[in-house]
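What the coordinates show
Here are the chains, one letter per residue:
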Amino acid sequence: MRMKFPASVFKAFVFAGGVAATALMPLKAAADNLSDAMIGAYKTSGLLEQNRALLRAADEDVAIAVSRLRPLIQWTITASHAYSRGVNQVGNFNEFSDNDLSTQLQLTQLLYDGGETRLRKQAAQELVLAARQQLLSIEQSVLFAAVQAYVGVLQGQENVALRRNNLRLLQEEMKAAQDRFEVGEVTRTDVALAESRVAAARANLTDAEGTLLTARATYLQVVGHAPGAIAGQPRLPSRAVSIDQAQSIAARNQPDLVGQQHSVKSADYLVQAATQALGPTVSFRATAGLSENINDSTGTDTDAAASILLTQDLYAGGLNAATRRRAIASADAERGSLINTQRSVRQSVSAAYFNVETARVSLISSGERVRASKVAFDGIREEATLGARTTLDVLQAEQEYLDAQTEQVNARANQATAAYQLLQAQGLLTAEHLGLAVEIYDPSLYYNLVRNAPAQHSKRGKDLDRVLKALGRN
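Procedures and definitions
Residues numbered from 1 in each chain as written. Predicted model: local features only at pLDDT ≥ 70, side-chain atom pairs only at ≥ 80, totals over all residues. Heavy atoms only, no water. Helix = DSSP H or I, 4+ residues; strand = E, 2+ residues; numbered from the N terminus. Contact = heavy atoms within 4.5 Å. Axes fitted to C-alpha atoms, helices over the stretch in contact; angles between N-to-C directions. Parallel < 35°, antiparallel > 145°, perpendicular 65-115°, else oblique. Left-handed = near helix turned anticlockwise from the far one by under 90°. Nonpolar A, V, L, I, M, F, W, Y, C, P; charged D, E, K, R; others polar. Buried < 20%, exposed > 50% of the residue type's maximum accessible area, 1.4 Å probe, protein only. Patch = residues over 30% accessible without salt bridge, like charges linked within 9 Å, V, L, I, M, F, W, Y side chains within 5 Å. Areas by Shrake-Rupley, 256 points an atom, 1.4 Å probe, with all protein chains shown as cover. Salt bridge = Lys/Arg side-chain N within 4 Å of Asp/Glu carboxyl O. Core = buried A, V, L, I, M, F, W, Y, C linked by side-chain atoms within 4.5 Å. Pairing = 2+ DSSP bridges.

Looking at the overall build of the chain
Across its full length, the chain holds twelve helices and four strands. Long-range contacts, defined here as pairs at least 24 residues apart, represent 81% of the contacts in the chain between residues at least 6 apart.

Description of the packing of helix α7 (residues 255-276) against helix α8 (residues 319-385)
The interhelical angle for the contact between α7 and α8, taken along N-to-C directions, is 165°, at an axis separation of 9 Å. If you check the angle between α7 and α8, you find them roughly antiparallel. The handedness of the crossing between α7 and α8 comes out as left-handed. Residue-level contacts link Asp 256, Leu 257, Gln 260, Gln 261, Ser 263, Val 264, Ala 267, Asp 268, Leu 270, Val 271, Ala 274 and Thr 275 of α7 to Thr 323, Arg 324, Ala 327, Ile 328, Ala 331, Glu 334, Arg 335, Ser 337, Leu 338, Thr 341, Gln 342 and Val 345 of α8. Across the contact of α7 with α8, the residue classes tally to eleven nonpolar, eight polar and five charged.

Looking at the side chain of Ser 283
Mapped onto the elements of the fold, Ser 283 is located in strand β3 (residues 281-293). In this structure Ser 283 comes out as buried when scored by relative accessible area, which is 15%. If we ignore the near neighbours within four places in the chain, the residues touching Ser 283 are Gln 109, Leu 110, Leu 111, Ser 307, Ile 308 and Leu 309.

Considering a nonpolar patch on the surface
Where nonpolar side chains cluster on the molecular surface, the patch consists of Ile 73, Trp 75, Ile 77, Leu 101, Leu 105 and Ile 294 and spans about 680 Å² of accessible area. Elements with a minimum of two residues in the nonpolar patch: β1 (72-87) and β2 (93-112). Counting through the fold element by element, Trp 75 comes out in strand β1.

Some words on the nonpolar core
One finds Met 38, Tyr 42, Tyr 150, Tyr 219, Tyr 420, Leu 436 and Val 438 to be the most contacted residues of the largest nonpolar core, which totals 59 residues. Broken down by secondary-structure element, the contributors of at least two residues to this core are α2 (34-44), α3 (46-67), α4 (116-182), α5 (188-223) and α9 (391-426). Non-local contacts of Met 38, meaning those with residues more than four positions away in its chain, are made with Leu 143, Ala 146, Val 147, Leu 434 and Leu 436.

Looking at the pairing of β3
Looking down a regular strand, the side chains alternate between one sheet face and the other. Examined bridge by bridge, β2 and β3 share twelve bridges and lie antiparallel to one another. Residue pairing for β3: Thr 103 is matched across the bridge by Leu 290. Where β3 and strand β4 (residues 300-311) come together, twelve bridges link them in antiparallel fashion. Residue Thr 281 lies in a different strand from β4, and its bridge partner there is Thr 311.

And the structure:
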């Protein structure tokens, strides 16, 4: 759900930034379905809040770069006292003291630097875009962790239910074996086999309950509140019709890939900026001041001056050339990282796509196994009552049926996890794409407030102060 912003930019940002405060608000006790789990994770994730703050820091780098293109006005007040004492040629002491008070305004404006400062501003803007993609990548990780937590609890609950039912059936078999032993139909060995399976079933149930407790603790950590009654299997998202389509979607949307592309552009701008830094810099400077000798009542002196300065480094010990070479090497490193990211994304999409298909086939196979093992178990159990089957045959059939059911539970969990992992690999596992009922964090709001580098006491600067106060950061 895209946030509807009011006319006031400040109020809109406070509304969006207020996502951080929702972690302190009471949440409902249970997550009914997967969407509720992802909503809880989105609203309460400290990792998301951390990276939103890092993005705001990157926004401020643009403002800092913009400020270097503007005039710098400095006000200076100087109070000085001078005292001297000496002996003249005739042996008399001479004392002298002087007290001065002066004030000066100085304006400095960059006129020309070959475009270095503007290039650095463009590099900072590209890094902002890269940071936004990094935030999306973190968002995907948070939501996928919620998927895993939800599926883990559901899988744990189903396994506990299976183990409890298995224990009940085995207890019935043990009682039947004891009854048949009393009438001489089976031996003590059959009873011992049944008792052994019941003991193992109790241990397996305890283990499954421990796994479920761990899954619930993980859910609490990821989602922000303990799970209640889980609604059931999550609805699977639609997937690309072919692996080529999945790869094409990832090439356009995968945040790690898109973010690295912006990092390469930023590095290229920095190379150009370092090249332009080898040339001259021209700036304008103007000063105006007042000075008064407190010991002298002759009046106040005024002065003013204006100048244009051209600065060119003739020799800097190799600093400038090394800085440029370092920028080139950094850009090459970013390109290498881009190649690695491209290959990693393609591999992740391929693996996730085939995992979805494998999970689907596995679920079908496990369903067939459950059906067949249930028929076999019912038949062998009936035959055992007629004396045609042993207790061991019944216990083995029950174990086969339990294994088939467990395999089916795990296959369903794997299918759900694989489906959402494919979304993540394509860059589509975001709150906006999934249509989660949350206020979507809009990173452009803060950027629009700071991109023109507002002064501290300007209207926009005061808006920013209120924003920081609302976020508890001022």
